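Listed below are the residues making up each chain.
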Number of protein chains: 2
Amino acid sequence: MTHLIAIGGSDAGISAALRARELDPSTDVTVVVADEYPNFSICGIPYYFTGEVAPWQSLAHRTSADLEATGMRLRLNTFATGIDVAGRRLTVRTPDGAFEDLAYDELIVGTGALPSHAGIAGLEALSPEDGAHVIHSMGDTFALDHDLTTRQPQSAIIVGAGYVGLEMAEAFITRGMTVTQLQRGPEVLSTLDPELGALVHDELTTHGVEVVTNTTVTGIEKTPAGLTVNGSRDGQPFEQTADLVLVVVGVRPNTELLEQAGASLGAGRAVVVDEHMRTGLPHVWAAGDGIVTHHRLLGVTYLPLGTTSHKQGRIAGENALGSDRAFAGSVGTQVVKVFDLVAARTGLRDHEAITAGFTPATVAAAADDHKRYYPGAHPIHFRITGDTSDGRLLGAQLVGRRGTEVAKRVDTYATALYAGLTIEQFDDLDLSYTPPLGSPWDAVQVAAQAWSAANAKVLV
Amino acid sequence: MTHLIAIGGSDAGISAALRARELDPSTDVTVVVADEYPNFSICGIPYYFTGEVAPWQSLAHRTSADLEATGMRLRLNTFATGIDVAGRRLTVRTPDGAFEDLAYDELIVGTGALPSHAGIAGLEALSPEDGAHVIHSMGDTFALDHDLTTRQPQSAIIVGAGYVGLEMAEAFITRGMTVTQLQRGPEVLSTLDPELGALVHDELTTHGVEVVTNTTVTGIEKTPAGLTVNGSRDGQPFEQTADLVLVVVGVRPNTELLEQAGASLGAGRAVVVDEHMRTGLPHVWAAGDGIVTHHRLLGVTYLPLGTTSHKQGRIAGENALGSDRAFAGSVGTQVVKVFDLVAARTGLRDHEAITAGFTPATVAAAADDHKRYYPGAHPIHFRITGDTSDGRLLGAQLVGRRGTEVAKRVDTYATALYAGLTIEQFDDLDLSYTPPLGSPWDAVQVAAQAWSAANAKVLV
């Protein structure tokens, strides 16, 4: 019987534990969870604040009882403090503050990431009680919920305009608050080209969000009027005050435990693993937002995503039991709903492709989600990136109204990227068509044909 | 300058003509169209009868003026009667009944298919004025429209429960008519396994369609009460009368012109072409519903679909100008909306896979379209077919409510089929996720994992 310990109650740790129990029910599986909320959907938190998800308990993918029913043991409110690699022992701090050593045969570390503070002076000293928030855990969720309920803040500044920032802007607007969204770069949602980010920007503005771009926040302080953020905008000083400030500027890998145990750091200062989720430390595996990401087009990078964590966790669980599965690699597929708009991307954008050694070109196109004669057709805006040397598909970005099936249309590109198809092969795909839901050449192929037409001279 | 003639105003002929004009604007292109409605969306006709599409002119993908603006010449109401292959001349009957010979360098035949009468006695002798209809052309559309408007029939029998039959049932119900749908086999929508067809059956019943399965119609006659269809149901005599009868039992390839010119017939009694759309007759190409279909899994078959016609037409237009493109092959991807349900399939079902020499297994699964905690989640019902010898994905069938992105989820399977992925590789795909629109393992992957779990012993 294998004694397996997984650290982390989020996607990677739980996926690993579930997979191990599924593959070999004789495996003794313990999951060490720092809080008491294992297997909660962190991606769902913004929808708790819009009011669409209630009660908060429904955010659990599975309840503790569900998890225990699979035969795993949960050690909640238990914090992993050290790994004795040679002795195969994990030290944990128990809920009562005592330290305990747990023996293991195989250890899987899924300690995830921590919210970045982006070097904002004064942020560390402020707390949720002051109205300063991050949002990365159920604890953060309860703190924000409490603040919203008790202080009833009317205005919010959101520092950051990435996925969570945009979703939280929608949540605050839905609650009737005024929202100012600050973005360091020239356009919101910087994971997309600015031409498409601008469509998201318009959607935010339409719904009443004040979007301020080119703004770097350097400090935050408590003032009589609330919380005041300071920084610069287009080279000029910038200052704004609100009842509440939410800082959502990305994450940094939580590597302390593995670093202390002797693991190496790589891309994004995340823990280095191979495709098999091996850390290089004997019998120690790792998965999730704390490790580097193997990317099918970029090689090794850092791109923390829940979908990837699930896959890596599943592989770690499998390999810890003696299997030899390899992570097939991310292609960076992502999607976000912003009010009534859906924005998605997969693969590489121009500048990323150049860095990776490709010779890309990116071509814009727009095509209706279904035949225009049938009611409710809306254009989807595309940017397709392909390699001008061999016609290989390198990436796709899509923005369309909710209901235009953008989220699953990006998956067609993601599948083509996985298979290494050229854009010409993409045109050959036999995709579904009925007038209320598509076109004889699906919108994704119309966009691909626009790329081919623009690059015809290069390829012939 | 090449003189190119395309015969047929539907998907194949127009696609060929457009592609030729696009690739070489010096090409002299004439399209011979039997009626005066080139480039109409035949797939959209049912939505004219639901009232969702109006006026009928909006069913045109492009107007005649649009087409002529590309530089092609349209010969409307002109019927191709004979090909002099050696002399490279096409004989046509002009609108005034005269015969005219047209010289060509290259000829592309896209004469499509004709509605099948399924050997129903008496049908040939009846006309739209009698209330007996087929629906395959704009002429059929106008005849049905006229009948509905002038006679105001209250009841309809639809013979056939395939795509068009189901869409027309919805149209008649929307217009307040009573509808009886007769199906020869044990379940409606026989392109799906009956377990999924049953869901479509329920949807029809819920919306008031009387569905009668296991019923073969052998005759139809005019009676004092209307039109009476006769046949057998479960071995017993069957008879039913209605104000109107619509026969939609599939199509047969319209091959007369090419047969007379010396072309061979193959699968489904369709004209044999190679992947390059060559008929074997010098300088004569063919595309669309009149020719055999190259299928990536089945080899040569007959599977007429608009998406395929577009691709074949485009290739014929390209190759007629000297190119050497090959049709990459169909995988049989299809989708239909039936009231509030969407049903889709791609690839092979069990019995088809067995016939094609695979060793398949099909596994059922259901998974929510997005995270259940977010409002509006609905299950999608899947049947996944894979090869038990090597784990290769062979096919997928999906049924879900409208809005569950079934139409574009089937495209992920279609892309994987094109690339020849295994079901395990399908699980490795990096698909998009946000709680309102998906799950960390997308529903399509949950279904694939169900297949893998059920066939684990076979593969390990």
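Residues numbered from 1 in each chain as written. Chains lettered and ligands numbered in written order. Predicted model: local features only at pLDDT ≥ 70, side-chain atom pairs only at ≥ 80, totals over all residues. Heavy atoms only, no water.

If you look chain A up in an unreviewed UniProt entry, it shows as FAD-dependent oxidoreductase from Herbiconiux moechotypicola. What the UniProt record of chain A gives under Sequence similarities (unreviewed entry) is the line "Belongs to the class-III pyridine nucleotide-disulfide oxidoreductase family." (UniProt positions renumbered as here; feature names shortened; annotations may be inferred.)

Q: Explain the interface of chain B and chain A to me, please; I cannot follow it from the model alone.
A: Accessible area lost during the coming together of the parts is what is often quoted as the interface size. The interface of chain B with chain A comprises 61 residues on the first partner and 62 residues on the second. Between chain B and chain A the total buried area reaches about 5800 Å² when both faces are included, carbon and sulfur atoms providing 59% of it. If you look at where chain B meets chain A, you find 6 salt bridges. For Asp428 of chain A, the salt bridge identified is with Arg325 of chain B, shortest N-O distance 3.6 Å. Along the contact surface separating chain B from chain A lie 31 residue pairs in polar contact (both at pLDDT 80 or more). For the side of chain B that touches chain A, the secondary-structure elements that each account for two or more residues are α8 (306-320), β21 (334-338), α10 (406-419), α11 (423-428) and α12 (443-454) of chain B. Per-element tally for the side of chain B that touches chain A: the top contributor is α10 of chain B, with 12 residues. Residue composition of the side of chain B that touches chain A, grouped by class: 27 nonpolar, 17 polar and 17 charged. (Contact = heavy atoms within 4.5 Å. Buried area = accessible area lost by both parts, 1.4 Å probe. Salt bridge = Lys/Arg side-chain N within 4 Å of Asp/Glu carboxyl O. Polar contact = N/O pair within 3.5 Å; in protein donor to acceptor, adjacent residues only side chain to side chain. Helix = DSSP H or I, 4+ residues; strand = E, 2+ residues; numbered from the N terminus. Nonpolar A, V, L, I, M, F, W, Y, C, P; charged D, E, K, R; others polar.)

Q: Mind showing me how you'd approach the relation of the copies chain B and chain A here?
A: Copy one and copy two of the chain differ by a rotation about an axis and a translation along that axis. With an RMSD of 0.0 Å, chain B superimposes on chain A once it is rotated by 180 degrees and translated 0.0 Å along the axis. Viewed as a symmetry operation, the transformation between the two copies matches a two-fold axis. Here 100% of the contact residues of chain B are again contact residues in chain A; the copies associate through an equivalent surface. (Least-squares fit on C-alpha atoms with pLDDT ≥ 70 in both.)

Q: I keep staring at the domain arrangement of chain A and nothing clicks. Help me out?
A: All names here are of chain A. We note that the domain assignment places domain 1 (3-113 + 252-320), domain 2 (128-249) and domain 3 (341-459) within chain A. Taking only C-alpha atoms into account, the centre of domain 1 sits 30 Å from that of domain 2. Opposite the 12 residues of domain 1 that make contact, domain 2 presents 15 residues. Inspection of the region where domain 1 meets domain 2 yields 0 salt bridges. There are 4 residue pairs in polar contact (both at pLDDT 80 or more) connecting domain 1 and domain 2. Ranked by the residues each element gives to the side of domain 1 that touches domain 2, the list is headed by helix α2 (residues 45-49), at 5 residues. Residues of the side of domain 1 that touches domain 2, tallied by class, amount to 11 nonpolar, 1 polar and no charged. (Domains from an automatic or database assignment.)

Q: What exactly am I supposed to notice about the UniProt feature "domain: FAD/NAD(P)-binding" (unreviewed entry) in chain A here?
A: The UniProt record marks residues 4-291 of chain A with the feature "domain: FAD/NAD(P)-binding" (unreviewed entry), using the residue numbering of this structure. As annotated, residues 4-291 of chain A comprises 24% helix and 29% strand, and the C-alpha atoms at either end are separated by 20 Å.

Q: Help me out: how do you make sense of the UniProt feature "domain: Pyridine nucleotide-disulphide oxidoreductase dimerisation" (unreviewed entry) in chain A in this one?
A: What UniProt calls "domain: Pyridine nucleotide-disulphide oxidoreductase dimerisation" (unreviewed entry) maps, in this numbering, to residues 335-438 of chain A. End C-alpha to end C-alpha, residues 335-438 of chain A measures 20 Å, and it is 25% helix and 37% strand.

Q: Is there a simple way to explain the sheet that holds strand β11 (residues 178-182) of chain B in this structure?
A: Residue and element names in this part refer to chain B. If you walk across this open sheet you meet the 5 strands as β9-β16-β10-β11-β12, and the pairing is parallel. Among the strands making up the open sheet, the edge pair consists of β9 (132-133) and β12 (210-212). In this fold helix α5 (residues 163-174) packs onto β10 (155-159), β11 and β16 (244-247), with an angle of close to 165 degrees to the strand it touches most, β11. (Pairing = 2+ DSSP bridges. Axes fitted to C-alpha atoms, helices over the stretch in contact; angles between N-to-C directions.)

Q: How do you make sense of the pairing of strand β24 (residues 379-387) of chain A when you look at a structure like this?
A: Moving residue by residue along a regular strand, the side chains alternate between the two faces of the sheet. All names here are of chain A. In terms of burial, β24 is a largely internal element, 7 of the 9 residues being buried. For strand β23 (residues 360-368) and β24, the ladder comprises 9 bridges, and the chain directions are antiparallel. Its bridge partner being in β24, Pro360 is matched across the sheet by Asp387. With 6 bridges connecting them, β24 and strand β25 (residues 393-401) associate as antiparallel partners. Bridging across to β25, Arg383 finds its partner in Gln397. Taken together, β24 and the strand that follows it, β25, pair antiparallel across an intervening segment of 5 residues, in which Gly391 is found at a positive phi of about 75 degrees. (Buried < 20%, exposed > 50% of the residue type's maximum accessible area, 1.4 Å probe, protein only.)

Q: Hey, could you run me through the environment of Gly290 of chain A in this one?
A: Tracing the backbone through its elements, the reader meets Gly290 of chain A in the loop between β18 (284-286) and β19 (293-295). When sequence neighbours within four positions are dropped, the list of residues in contact with Gly290 of chain A reads Gly112, Pro253, Asn254, Thr255, Ala270 and Val271 of chain A.

Q: How do you make sense of the sheet that holds strand β22 (residues 341-347) of chain A when you look at a structure like this?
A: The strands making up a sheet are joined through hydrogen bonds of the backbone, oriented either antiparallel or parallel. Residue and element names in this part refer to chain A. Read from one edge of the open sheet, 5 strands run β21-β22-β25-β24-β23, paired in antiparallel fashion. Of all strands in the sheet, those bounded by a partner on one side alone are β21 (334-338) and β23. Averaged over all pairs of adjacent strands, the angle between strand axes in this sheet comes to 10 degrees, irrespective of strand direction. Note that β21 and β22 share 5 bridges and pair antiparallel. The residue bridging Val335 from the neighbouring strand is Ala344, located in β22. The sheet contacts of helix α5 (residues 163-174) involve β21 and β22, and relative to β21 the element is tilted by about 20 degrees. Packed on one face of the sheet, helix α10 (residues 406-419) meets β21, β22, β24 and β25 and runs near 175 degrees to β25.

Q: What is the right way to look at the packing of helix α1 (residues 11-23) of chain A against helix α8 (residues 306-320) of chain A in this model?
A: Think of two packed helices as two axes; the pair is described by the angle between the axes and how far apart they sit. All names here are of chain A. Contact geometry of α1 with α8 gives a least axis separation of 7 Å together with a crossing angle of 40 degrees. Seen along the crossing, α1 lies across α8 with a hand that is right-handed. Contacts between α1 and α8 involve Asp11, Ala12, Ser15, Ala16, Arg19, Ala20, Glu22 and Leu23 from the first element and Gly306, Ser309, His310, Gly313, Arg314, Gly317 and Glu318 from the second. Across the contact of α1 with α8, the residue classes break down as 4 nonpolar, 6 polar and 5 charged. (Left-handed = near helix turned anticlockwise from the far one by under 90°.)

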